[in-house]
Amino acid sequence: MKHFTQFESLSLSKTLIQSALAYKANPLIDVQKGFKKRIGCIFLNPSLRTRASTQIAALNLGMEPIVVNMDKEGWALEMREGAIMNKGTVEHIKDAAAVLGSYFDILAIRAFPSLTNKTEDIEDFVFNQFIKYSGKPVISLESAIRHPLQSLADMITIQEHWKEARKPKVVLTWAPHIKAIPHAVANSFAEWAIGNDHDVTITHPVGYELDPIFTKGAHITHNQAEALADADFVYVKNWSAFNDYGKIHSTDSSWMLTEKHFEAAPQAKVMHCLPVRRNVELSDEILDGSRSIVQEQATNRIYAAQAVISHLLG
Ligand code: CP
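Residues numbered from 1 in each chain as written. Predicted model: local features only at pLDDT ≥ 70, side-chain atom pairs only at ≥ 80, totals over all residues.

A. Looking closely at the site of the ligand. All residues adjacent to the ligand are Ser 47, Leu 48, Arg 49, Thr 50, Arg 51, Glu 142, Gln 150, Cys 273, Leu 274 and Pro 275. Both domains that furnish three or more residues to the shell around the ligand are identified here as domain 1 (10-146 + 301-313) and domain 2 (148-298). (Near = placed C-beta within 6 Å. Domains from an automatic or database assignment.)

The following block contains the structure:
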């Protein structure tokens, strides 16, 4: 693994999950591994969990994390090749990324999609500019189309809860939201859950089909009740339309899960990456009840990041 940007293979996923669980049991076991090394955590967008958990993970490995809030504190970046920079942008991405590459041993980047320029977003253009020009291993802290550290933490959380021999039935359900939300978490969760050989069902209203490159192998239905029946894990997430790119087609509150939705899945655990809009995406009774494992997912973000950074350190 040169960079950590997506699901690569079941064997690598298993290795990272085992490594994360070992770090969870003994967080400081490799505290010398990153001695005299620095990781640059570059944020082009807001974050709570990713920002804090990645720094803790680096510190657990004896590595120095430095956060750069490029959206608020950096220069306005130019992305276009050959641009005549006589307007608002101050620094070209190729210069900024090369500088950051010279400062750090590993770079970690958060770069959300525009949700208006579909071509650039699905190429992960901004994120890939950092890979292209930094010359260093790059970890995705959520790109335009994927959030692999979140998905690795989600796979760890499922493994911790799942003790049966059969495959768990894992349901990804769309939930309402008031804003247009990126596809990265949903794409990545589907990619990793299918890659980890879970029995995956995706349910959403008409018009919310995800990019099929992420959902091949999943059962897809517009009938949420059918999807939820016998579910073991239910991952709740909003995303905007992909085909009618970045648009909101539905805010149907009947898609927000309450206890009533779980009559045919009494044992199901509920997952969400957070942040969550309570009583819009998910009800208080689910989030505050015993089927919610959202806090465990957030805790596992530390050990997912620690496993990935450790792997890249070699
Ligand atoms: N789940 C997640 O990535 O949270 P933040 O956006 O707060 O980092």
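Structure's up, so let's keep going.
B. Examining the nonpolar core more closely. Ranked by size, the top nonpolar core spans 90 residues in total, and within it Ala 190, Val 234, Ala 304 and Val 308 carry the most contacts. Residue assignment places this core across two domains, with domain 1 (10-146 + 301-313) and domain 2 (148-298) each supplying three or more. Not counting residues up to four positions away in its chain, the partners in contact with Ala 190 are Leu 172, Val 200, Ile 202, Leu 210, Phe 214, Thr 215 and Ala 218. (Core = buried A, V, L, I, M, F, W, Y, C linked by C-beta atoms within 7 Å. Buried ≥ 20, exposed ≤ 12 C-beta atoms within 10 Å, placed from the backbone. Contact = placed C-beta atoms within 7 Å.)

C. Quick peek at the domain arrangement of the protein. Looking at the protein, the domain boundaries give domain 1 (10-146 + 301-313) and domain 2 (148-298). Domain 1 puts 27 residues into the contact, and the matching count from domain 2 is 24 residues. Every element with two or more residues in the side of domain 1 that touches domain 2 is listed here: helix H1 (10-25), helix H2 (49-60), helix H5 (118-122) and helix H12 (294-313). Per-element tally for the side of domain 1 that touches domain 2: the top contributor is H1, with 6 residues. (Helix = DSSP H or I, 4+ residues; strand = E, 2+ residues; numbered from the N terminus.)

D. Local environment of the sheet that holds strand E9 (residues 219-221). Spatial ordering of the open sheet is given by E9-E8-E7-E10-E11, a layout of 5 strands whose pairing is parallel. Pairing within the sheet leaves two strands with one partner each, and these edge strands are E9 and strand E11 (269-271). Between one strand and the next, the sheet's axes are offset by a mean angle of 20°, whatever the strand orientation. Both strand E8 (residues 199-203) and E9 contribute to a ladder of 3 bridges, which runs parallel. Looking across to E9, one finds that Thr 203 is bridged to Thr 221. (Pairing = 2+ DSSP bridges. Axes fitted to C-alpha atoms, helices over the stretch in contact; angles between N-to-C directions.)

E. Up close: the pairing of strand E5 (residues 106-110). Burial analysis of E5 places 5 of its 5 residues in the buried class, which makes it a mostly covered element. By the alternation rule, side chains of E5 split into Ile 106, Ala 108 and Arg 110 and Leu 107 and Ile 109, which are all buried. One ladder, built from 3 bridges, connects E5 with strand E6 (residues 138-140); its direction is parallel. Residue pairing across strands places Ile 109 opposite Ser 140, the latter belonging to E6.

F. Region of interest: the UniProt feature "binding site: N(2)-succinyl-L-ornithine" (unreviewed entry) in the protein. As annotated by UniProt and renumbered to match this structure, "binding site: N(2)-succinyl-L-ornithine" (unreviewed entry) occupies Glu 142, His 177, Lys 237 and Arg 277. Within the secondary structure layout, Glu 142 lies in the loop between E6 and helix H7 (148-161). Residues within four places of Glu 142 in sequence aside, it is in contact with Thr 50, Arg 110, Phe 112, His 147 and Ala 184. Once residues lying within four places of it in the same chain are set aside, the contact partners of His 177 are Asn 238, Arg 277, Val 280 and Glu 281. (UniProt positions renumbered as here; feature names shortened; annotations may be inferred.)

G. View of the sheet that holds E6. In spatial order, the strands read E2-E1-E5-E6; together these 4 strands make up an open sheet with parallel pairing. A single partner strand is all that each edge strand has here, and the edge strands are strand E2 (64-69) and E6. Recorded for the sheet is a direction-independent mean angle of 20° between the axes of neighbouring strands.

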